[in-house]
Amino acid sequence: MRVTRLVDLSVPVDAGTQVFPGDPVVASHPHTTVAADGYNVQALTMGSQSGTHVDAPFHFVEGGLRVDELDLTRLTGSAVVVDVRGRAPRSRLTWADLEHATIPPGALVLLHTGWSAHYGTPAYFDHPFLDADACRRLLDDGVRTIGLDAPNIDLTPTADDPGEGYPVHHLVAAVDGVVCENLTNLAAVDFPDPFVSLLPLRLTGADGAPVRAVAMQVRP
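One structure accompanies this document, and this report is about it. The structure displayed is predicted, hence computed values, not measured ones. (Residues numbered from 1 in each chain as written. Predicted model: local features only at pLDDT ≥ 70, side-chain atom pairs only at ≥ 80, totals over all residues. Heavy atoms only, no water.)

1. Observations concerning the packing of aromatic side chains
Moving on, step 1. For the structure on display, the rule yields 4 aromatic pairs.
Moving on, step 2. Arranged with centres 6.3 Å apart and planes meeting at 85 degrees, the rings of Phe20 and Phe125 form a pair that is edge-to-face. Separated by 105 residues along the polypeptide, Phe20 in the loop between strand S1 (2-8) and strand S2 (27-32) and Phe125 in the loop between strand S7 (108-112) and strand S8 (129-130) bring together distant segments of the chain.
Moving on, step 3. Since its relative accessible area comes to 15%, Phe125 is described here as buried. (Phe/Tyr/Trp six-rings, centres within 6.5 Å; stacked < 30°, edge-to-face > 60°. Helix = DSSP H or I, 4+ residues; strand = E, 2+ residues; numbered from the N terminus. Buried < 20%, exposed > 50% of the residue type's maximum accessible area, 1.4 Å probe, protein only.)

2. Things to note about the sheet that holds strand S4 (residues 53-55)
Moving on, step 1. With respect to topology, 9 strands assemble into an open sheet ordered S1-S13-S11-S5-S7-S9-S10-S4-S12, the strand pairing being mixed. Each having just a single partner strand, S1 and strand S12 (208-210) make up the two edges of the open sheet. Across the sheet, the mean angle from the axis of one strand to that of its neighbour is 30 degrees, orientation sign disregarded.
Moving on, step 2. Across 6 bridges, S1 lies against strand S13 (residues 214-219) in antiparallel orientation. Bridge pairing links Arg5 to Gln217 in S13.
Moving on, step 3. Each of S4, strand S9 (145-148) and strand S10 (178-181) is contacted by helix H4 (residues 167-174), which is oriented at about 140 degrees to S10, the strand it contacts most. (Pairing = 2+ DSSP bridges. Axes fitted to C-alpha atoms, helices over the stretch in contact; angles between N-to-C directions. Contact = heavy atoms within 4.5 Å.)

Dropping the structure here:
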């Protein structure tokens, strides 16, 4: 196969990276410089869930698989981008929103909510979220990796709304599946059968890790 087009689905990682409320903020500064030391090295501080990232089952389940233990075949492969744009803030994505898509068993499912347009603003956390029953239907059909262009696949709690206890994260973790959050640029994946890579950093024992998510158009 040869790659004829590549689409970056990742948000930048820098001091402006928007993080989940309460998570470590991203910090980056020179540790050494060419002028002073003869080479450049950057010092980085961030959380395991910074930027575009994947969640391993351990994120919500004690004893669950850590990010360095994930089956890499669940992080790469043919993907289906499901267009669910136009939904209201904090609305539920049900099976009726997904059933129009043809999703082969084992495909990576990327939910295109359009909510990445709000990245960097408070409205980003008022995103649509995946309904638990719809998640069960996807898992029953053989899906093991689900991503979206929002900060949380579940409803994000606020001071006025405690949320639902992260049921989708728990359902995906129960089958050793993977969640990918903070995707962006899904509108640019306008070609059929994209090959997607969500390979994370191999952080030993971690609950998740940042990824450089990409979608590739491939030809034989």
